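# Structural features, examined
These are the residues of each chain, in order.
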Amino acid sequence: MNDLPNHPSLDPDDWDAFRARAHRMLDAAIDQMAQARDGRVWTAAPENIKTLTPPPTKGDAAKSDAQMKALLPYGVGNTHPRFFGWVHGSGTPSNIIAEMVAAAMNANLGGRDHGAIYIEKQVVDWCKSIFGFPDTASGLVVSGTSIATLIALKTARDRMTDFAARKAGGTAGLVGYTSTQTHSCVARTFDMLGLGSDALRKIPVNAAFEIDTEALQAAITADRAAGLTPFAIIGTAGAVNVGAIDDLAALADIAASENLWFHVDGAFGATAILSDKIKPRLAGLTRADSIAFDFHKWLHVNYDAGFILIRDADAHRRAFSERPDYLAPAARGLAAGNPWPTEYGPELSRGFRALKIWAQLMEHGTEKLGQLITQNCDQAQYLAGLVNDDPAFELCAPVALNICCFRYTALATDLSRLNAEIVIQLQLEGVAAPSTTVLSGDTVIRVNITNHRTTYADLDILLAATRKIGAQLVQERKFATA
Ligand SMILES: *Cc1c(COP(=O)(O)O)cnc(C)c1O
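Source: prediction; values computed, not measured.

Moving on, we get to helix H1 (residues 15–34). Taking 1.5 Å of rise per residue, the 20 residues of H1 would be expected to cover 28 Å, and the 28 Å separating its terminal C-alpha atoms lies within 8% of that figure. Where H1 begins, the side chain of Asp14 points an oxygen toward the backbone nitrogen of Asp16, at a separation of 2.9 Å.

Pasting the structure below:
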């Protein structure tokens with residue numbers, strides 16, 4: 001059978017025109033990054049972007065490009081030096097290049113034997129080296145710490161039940177332990193694994209927001225006495241509220257003596273192992289059975305890029321491996337390259353996230369990335385100093401890492417509502433974007449610095465704007481005055 005004269009495909013008719021068009025869009029993308037320091041932090045998307053339209057039946061490349069270009073300014077704002085909300089990485093211009101190369105290869109990293117697979121293997125090997133894990137450990141690039149946590153704790157659950165839970169279920173009685181400061185993804189994992197979030201015991205924290213290890217030991221003992229089966233301790237390196245680092249060495253000791261899986265949520269904090277200043281405080285991390293962390297936070301890989309590192313590669317594989325006939329391994333040819341990444345996680349088709357991670361490390365190196373982490377921690381201390389020196393403010397938690405929680409207190413009561421409103425005003429004015437959290441029942445301003453573009457001057461600007469907005473709100477008598 002003959003092909004149609006103008007064989008229809010999705011390739012351009014005119015490659016020169018496509019090249020020119022792609023170059024224009026690349027320029028627009030680079031302009032966006034080059035201007036990351038300028039202008040507003042966040043701007044709400046205009047109505048025309050929010051408006052939904054029917055699916056296009058006839059395509060239009062020019063219209064598509066124009067609308068993508070118009071979209072560029074309406075991001076979260078995390079590429080701006082005064083983005084301080086939640087825990088967002090700030091991205092790099094050079095990751096645009098890696099994303100472009102990855103798109104050109106359009107590789108599926110579920111498995112098979114091809115170049116991209118070896119880049120991910122290199123990334124896995126680098127992670128073992130960075131965290132002092134043995135060569136026999138395993139790892140997988142994932143979308144983020146939430147999924148990494150799911151993979152780690154499924155492996156822990158399955159190992160505890162000698163992998164019977166994979167088929168027979170029967171996880172009743174399994175319990176795990178973490179602190180009240182732990183990220184919600186851990187409880188959600190217990191829910192998703194069928195353990196139920198009540199099976200996650202939330203142990204109280206000390207004044208530094210670190211898990212109370214005596215209370216932990218007591219809870220394990222009490223659960224065993226009640227006939228339950230403890231299986232995991234989840235520590236945090238860099239808790240989301242105030243950046244606290246649990247006593248990881250103490251947790252590793254308890255896990256060893258109780259024969260429990262020791263998992264560390266190190267979403268952003270674990271990567272501080274690259275900072276000479278912070279590294280000593282992460283002793284114990286290298287003793288974990290698994291570490292979940294993100295490249296898209298403090299290592300600034302463009303969204304999304306997370307990682308799960310597991311000491312017991314065999315358990316990891318046994319918790320996920322399924323090789324039906326149509327995915328059978330081969331010793332040679334395209335089905336070689338075993339084991340495949342899909343044997344280490346829930347996904348079969350997987351994109352080439354590994355490339356942007358690899359490129360970030362190749363271009364910038366661990367030393368510089370570590371120095372930038374140190375810089376952010378120093379900046380958080382600087383901000384705490386400014387807050388302490390200013391009678392209009394109150395520091396609400398010790399600065400453990402890169403997060404400074406404080407509130408505006410001058411002449412006002414109803415401080416929770418006032419400080420929540422200050423944060424909204426800062427965001428709406430486009431001057432800075434912190435977020436809020438609740439400490440001891442009070443809503444406070446939470447400034448997280450995982451941002452390689454932030455300067456000390458940016459923190460001066462933040463505090464001046466906060467003081468001005470606070471004073472204005474009090475003056476307008478929208479809040480009760482003291
Ligand atoms: C961000 C974060 C998570 C969740 O990670 P995602 O990459 O958003 O899935 C978990 N734990 C901590 C401490 C975090 O900061």
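The 7 strands lie next to each other as E1-E7-E6-E5-E4-E2-E3, forming an open sheet whose pairing is mixed. Whereas interior strands pair on both sides, the edge strands pair on one side only; in this sheet they are strand E1 (138–142) and strand E3 (200–203). On average, each strand axis in the sheet is tilted by 20 degrees relative to the strand beside it, whichever way the strands run. On the sheet, helix H8 (residues 184–192) packs against strand E2 (174–179), E3, strand E4 (229–236) and strand E5 (261–265) and is oriented at approximately 155 degrees with respect to E3.

Attention now goes to the packing of helix H6 (residues 145–160) against H8. The interhelical angle for the contact between H6 and H8, taken along N-to-C directions, is 50 degrees, at an axis separation of 9 Å. One element, H6, and the other, H8, form an angle in the oblique class. Judged by the sense of rotation from one axis to the other, the crossing of H6 with H8 is right-handed. On the side of H6, the interface is formed by Thr145, Ser146, Thr149, Leu150 and Leu153, while H8 contributes Cys185, Val186, Arg188, Thr189, Phe190 and Met192.

On to the packing of helix H4 (residues 94–105) against helix H12 (residues 353–389). The contact between H4 and H12 brings their axes to 9 Å, and the two run at 140 degrees. Taken as axis vectors, H4 and H12 run oblique relative to one another. Handedness of the H4/H12 crossing: right-handed. On the side of H4, the interface is formed by Ser94, Asn95, Ala98, Glu99, Val101 and Ala102, while H12 contributes Leu355, Lys356, Ala359, Gln360, Glu363 and His364. Looking at side-chain class alone, the contact of H4 with H12 contains 5 nonpolar, 4 polar and 3 charged residues.

Here we come to the environment of Ala45. Within the secondary structure layout, Ala45 lies in the loop between H1 and helix H2 (47–50). Here Ala45 falls in the partly exposed class, since its relative accessible area comes to 24%. Along the primary structure Ala45 and Leu71 are separated by 26 residues, whereas in three dimensions their C-alpha atoms are 8.3 Å apart. Beyond its immediate sequence surroundings of up to four residues, Ala45 is in contact with Lys50 and Tyr74.

This part is about the site of the ligand. Around the ligand sit 14 residues, and of these Thr145, Ser146, Asp265, Asp294 and Lys297 come closest. Between the ligand and the protein, one listed contact pairs an oxygen atom with a side-chain N or O atom of Ser146 at 2.6 Å. Take Asp265: an N or O atom from its side chain is 2.6 Å from a nitrogen atom of the ligand. Across the shell around the ligand, the residue classes break down as 5 nonpolar, 6 polar and 3 charged.

Bringing the UniProt feature "modified residue: N6-(pyridoxal phosphate)lysine" (unreviewed entry) in the chain into the picture now. Residues given the UniProt feature "modified residue: N6-(pyridoxal phosphate)lysine" (unreviewed entry) here are Lys297. Tracing the sequence through the fold places Lys297 in the loop between strand E6 (290–294) and strand E7 (306–310). Residue contacts for Lys297: discarding those within four places in its chain leaves Val87, Gly89, Ala267, Phe268 and Thr450.

Tracing the backbone through its elements, the reader meets Asp458 in helix H14 (residues 456–475). In terms of polar contacts, Asp458 uses its side chain to reach the side chain of Arg82, at 2.8 Å. Here Asp458 is in contact with Pro81, Arg82 and Arg453, once residues within four sequence places are set aside.

The next point concerns the domain arrangement of the chain. Each domain of the chain was delimited in the assignment, giving domain 1 (16–81), domain 2 (108–351) and domain 3 (365–475). Here the C-alpha centre of domain 3 lies 30 Å away from the C-alpha centre of domain 1. Contact residues are listed per partner, giving 10 residues for domain 1 and 12 residues for domain 3. Per-residue buried area on domain 1 facing domain 3 is highest for Val41, Trp42 and Pro81; these three make up 51% of the total on that side. If you look at where domain 1 meets domain 3, you find 0 salt bridges. The tally of links between domain 1 and domain 3 comes to 7 residue pairs in polar contact (both at pLDDT 80 or more). When its residues are assigned to classes, the side of domain 1 that touches domain 3 shows 5 nonpolar, 3 polar and 2 charged.

Turning next to the packing of aromatic side chains. One pass over the full model with this rule turns up 10 aromatic pairs. Summarising the aromatic geometry, the rings of Phe295 and Phe307 are spaced 6.2 Å apart at their centres and angled 90 degrees between planes, so their arrangement reads as edge-to-face. In this pair, Phe295 sits in the loop between E6 and E7 while Phe307 sits in strand E7, placing the two residues 12 residues apart along the sequence. As far as burial versus exposure is concerned, Phe295 and Phe307 are alike and both buried. Ring centres of Tyr382 and Tyr456 lie 5.0 Å apart, and the angle between their planes is 85 degrees; on these two criteria the pair is classed as edge-to-face. With Tyr382 in helix H12 and Tyr456 in helix H14, this residue pair connects regions lying 74 residues apart in the sequence. Exposure remark for Tyr382: the relative accessible area of 29% places this residue in the partly exposed category.

Thresholds, definitions, all that
Throughout, residues of each chain are indexed from 1 in the direction in which the sequence is written. It should be noted that, the model being predicted, local features are given only for residues of pLDDT at least 70 and side-chain atom pairs only at 80 or more, the latter also being counted only at that level, while totals for whole chains, interfaces and linings use all residues. To obtain the side-chain values, all non-hydrogen atoms of the structure were included, while hydrogens and water were left out. Here a helix means four or more residues in a row that DSSP labels H or I, a strand means two or more in a row labelled E, and each is numbered from the N terminus. Expected span, for any helix, means 1.5 Å times one less than how many residues it has. Any pair of nitrogen or oxygen atoms within 3.5 Å is treated as a polar contact; in protein, a donor-acceptor pairing is required on top of that, and neighbouring residues in sequence qualify only through side-chain atoms on both sides. Any two strands with at least two DSSP bridges between them are considered paired. Orientation is described by lines fitted to C-alpha atoms, with helices fitted over the stretch in contact, and by angles between N-to-C directions that extend from 0 to 180 degrees. Any pair of residues with heavy atoms lying within 4.5 Å of one another is described as a contacting pair. Angular relationships are summarised with four words: roughly parallel below 35 degrees, roughly antiparallel beyond 145, roughly perpendicular across 65 to 115, and oblique for the angles in between. Take the far helix as your reference; a near helix turned counterclockwise from it by less than a right angle gives a left-handed crossing, and one turned clockwise gives a right-handed crossing. Residues are grouped as follows: Ala, Val, Leu, Ile, Met, Phe, Trp, Tyr, Cys and Pro are nonpolar; Asp, Glu, Lys and Arg are charged; all remaining types, including Gly, are polar. Partly exposed residues are those whose accessible area sits between 20% and 50% of the maximum for their type, while under 20% is buried and over 50% is exposed, using a 1.4 Å probe and protein chains only. We define proximity as follows: a residue is near a molecule or strand when any one of its heavy atoms falls within 4 Å of that partner. UniProt positions are given in the numbering used here, feature names are shortened, and annotations may be inferred rather than shown by experiment. For the domain bounds, the source is a domain assignment made automatically or taken from a database. The buried area of a pairing is the accessible area, by a 1.4 Å probe, that goes missing from both parts when the two are put together, added over both. One side-chain nitrogen of Lys or Arg within 4 Å of one carboxyl oxygen of Asp or Glu is enough to make a salt bridge. Note on aromatic contacts: the rings of Phe and Tyr and the six-membered ring of Trp form a pair at centre separations within 6.5 Å, being stacked when their planes are under 30 degrees apart, edge-to-face when over 60 apart, and tilted otherwise.

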